[in-house]
Every structure is written in C-alpha cells, then in structure tokens.
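One-letter residues, chain by chain:
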Amino acid sequence: MKKFYKLALTASKLIEVIHWGTALFMAGVLVCSLVNGPWLQGVLEQNVPEYGTVMSVYGFEVEAIDSAGHVSPRALALFSAAAVMILSLMAMVCRNTYLILKRSEGTTPFQPDNIRMVREIGIFYIAVPFVGLAMSNLARLVAGVDGLETSVDFSGLMHGLVVLCLTQFFARGMELERDLDGLM
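Residues numbered from 1 in each chain as written. Predicted model: local features only at pLDDT ≥ 70, side-chain atom pairs only at ≥ 80, totals over all residues. Heavy atoms only, no water.

J.: How should the overall build of the protein chain be read in this particular structure?
T.: A count of helices and strands for the protein chain gives five helices and three strands. Secondary structure elements in the protein chain, listed N-terminal to C-terminal, are α-α-β-β-α-α-β-α. Here the protein chain holds 184 residues, and 37% of them are scored as buried. Long-range pairs, those at least 24 residues apart, make up 73% of the contacts in the protein chain with a sequence separation of at least 6. Carbon and sulfur atoms form 67% of the exposed surface of the protein chain, whose accessible area is close to 10700 Å². (Helix = DSSP H or I, 4+ residues; strand = E, 2+ residues; numbered from the N terminus. Buried < 20%, exposed > 50% of the residue type's maximum accessible area, 1.4 Å probe, protein only. Contact = heavy atoms within 4.5 Å. Areas by Shrake-Rupley, 256 points an atom, 1.4 Å probe, with all protein chains shown as cover.)

Okay, structure coming up:
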C-alpha cells in the first residue's frame, strides 16, 4: 500500500507539472498565432498530413483546416486559448490530488481542507466542458457558422458530479470522526 501511495503522490505531481508546461506551451502558440499567424500557418501546413487536421484537448475539438484547405490561424488561436484554460483546470485537479494525498499522509483524510479540495476537483471537472462550450460558441461568433468545425465532450460533467457527491461522503465521515473523538 505504501508503494501505491508513493506512486500516486509522484504521478499526481508529475502530471500536474506536465499540464502546467503544456498550458504554457499553448499560451506561446496563442501569442504566436496572434503575432505571426502566417508563419505558424506555414509550419503547421508542412506537418498537417503527419499529425492530422483535428486539434483536441480533454474533449474539446477544433477542425484546423478552413474551407480553402489551409490551417486557420484563427482556429488555432481559439483552440490555444481554450487549451490554456482547460489544461490549467486539469493541472489544478492534479495539484489538489497531490495536496490531499500529502495532507492525509499518516493521518485521517477527513479534514476540512481535504473536503474543500475534493469539492474544487468536482468543480474543475464540471468547468472543463463548459469552457469548451463557451469557446465553441465564441469560435462560431468569430469564424462564422461555416468557418470551422468544433465539438465538445460532456463526460467531464458526470465525473464532476460524482466527485461532488463524494464530497458529501467525506463531510459526513468528518462529522462521524468528530463525534467519535468526542465520545472518547
């Protein structure tokens, strides 16, 4: 059990760092697409056959090719902005997971801060598809209805609701633990 705990602790921190790094990279792509879109368009068009035309992050997808058959810098900028937000939310999920594991080491997991962080994880999971939906609608406004293809996966909504339900169990566990300590 101790090995699994160490593995979970290390993995949550590593995945958090990877998410923050990828969010930073996507912020750079966003800036580059706004500052020098044609150059980035040329670089991507050289690699499109290799990597495909759909950009995706946690269920939010954008078709990269416009009606003329070129990589759309506008689509890339909108996708990059959404990716920064979504990857940041998922980095926060990993951060909270790490902190919950760290705080619970050698003690009870039924602590007010842990319950708050579990609730935040649920909110972050619920926010991911809504960020995708908002960016999809913004993309439709900016690029026009026929300007680009987007899709949003709402499975994160269910994950978030399950985590929010688990928050109630943690809160109840904390109350029972407090009552038990009061009896002794």
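J.: Explain the confidence of the model for the protein chain to me, please; I cannot follow it from the model alone.
T.: Note: predicted coordinates in regions of low pLDDT should not be interpreted at a detailed level. Mean pLDDT over the protein chain stands at 83; residues scoring 70 or higher make up 86%. Looking over the protein chain, one finds the lowest element-wise mean pLDDT in helix H2 (residues 37-51), namely 68, and the highest in helix H1 (residues 2-35), namely 92. (pLDDT = per-residue confidence, 0-100.)

J.: Would you mind going over the nonpolar core with me for this structure?
T.: Side chains of nonpolar character tend, in soluble globular proteins, to be buried together. Core analysis: the largest hydrophobic core is formed by 31 residues, its most contacted members being Phe60, Val62 and Phe79. Residue assignment for this core shows that the elements contributing at least two residues are H1, strand E1 (54-57), strand E2 (60-63), helix H3 (73-103) and helix H4 (112-143). The leading source of residues in this core is H3, at 12 residues. (Core = buried A, V, L, I, M, F, W, Y, C linked by side-chain atoms within 4.5 Å.)

J.: Got a minute to help me understand the packing of aromatic side chains in this structure?
T.: Geometry of an aromatic ring pair is reported as the spacing of the ring centres plus the angle between the planes. Applying the stated criterion across every chain, the model contains two aromatic pairs. Ring geometry for phenylalanine 60 and phenylalanine 79: centres 6.2 Å apart, planes at 10 degrees, overall stacked. Taken together, the residues phenylalanine 60 in strand E2 and phenylalanine 79 in helix H3 connect sequence positions 19 residues apart. With a relative accessible area of 2%, phenylalanine 60 lands in the buried category. With a centroid separation of 6.0 Å and an interplanar angle of 80 degrees, the aromatic rings of phenylalanine 130 and phenylalanine 154 are classed as edge-to-face. Separated by 24 residues along the polypeptide, phenylalanine 130 in helix H4 and phenylalanine 154 in the loop between strand E3 (150-152) and helix H5 (155-183) bring together distant segments of the chain. Of the residues examined, phenylalanine 154 reaches a relative accessible area of 33% and is grouped as partly exposed. Here lysine 13 stacks its cationic end above the ring of tyrosine 98, 4.5 Å away from the centre of that ring. (Phe/Tyr/Trp six-rings, centres within 6.5 Å; stacked < 30°, edge-to-face > 60°. Lys NZ or Arg CZ within 6 Å of the ring centre and 35° of its normal.)

J.: Looking at this structure, I do not really get the sheet that holds E2. What am I missing?
T.: Remark on secondary structure: sheet strands pair via backbone hydrogen bonds, oriented parallel or antiparallel. Ordered in space as E1-E2-E3, the three strands form an open sheet in which the pairing is antiparallel. Each end of this open sheet is capped by a strand with a single partner; those strands are E1 and E3. In this sheet, adjacent strand axes meet at a mean angle of 10 degrees when their direction is disregarded. Sheet analysis places E1 next to E2, joined by four bridges and oriented antiparallel. Bridging from a neighbouring strand, serine 56 pairs with glutamate 61 of E2. Packing of H3 onto the sheet brings it into contact with E1 and E2, and relative to E1 it is tilted by some 15 degrees. (Pairing = 2+ DSSP bridges. Axes fitted to C-alpha atoms, helices over the stretch in contact; angles between N-to-C directions.)

J.: Would you take a moment to explain the pattern of salt bridges for this structure?
T.: Side chains that differ in charge, positive against negative, can pair when their charged atoms come close. On inspection of all chains with the given rule, the structure shows four salt bridges. As a salt-bridge pair, arginine 116 and glutamate 120 come within 2.9 Å of each other at their nearest N and O atoms. On the criterion of helical spacing, the pair formed by arginine 116 and glutamate 120 is a turn pair, its members being four residues apart in helix H4. A relative accessible area of 34% means that arginine 116 is categorised as partly exposed. Look at glutamate 120 and you get partly exposed, because its relative accessible area is 24%. The structure contains a network of salt bridges with shared partners spanning Arg103, Asp113, Arg116 and Glu120. (Salt bridge = Lys/Arg side-chain N within 4 Å of Asp/Glu carboxyl O.)

J.: Explain unusual backbone geometry here, please?
T.: Trans peptide bonds make up most of the peptide bonds, and negative phi angles are found at most residues other than glycine. Phi at tyrosine 58 takes a positive value of approximately 45 degrees, unusual for a residue other than glycine. Secondary-structure assignment places tyrosine 58 in the loop between E1 and E2. Judged by relative accessible area, tyrosine 58 falls into the partly exposed class, the value being 42%.

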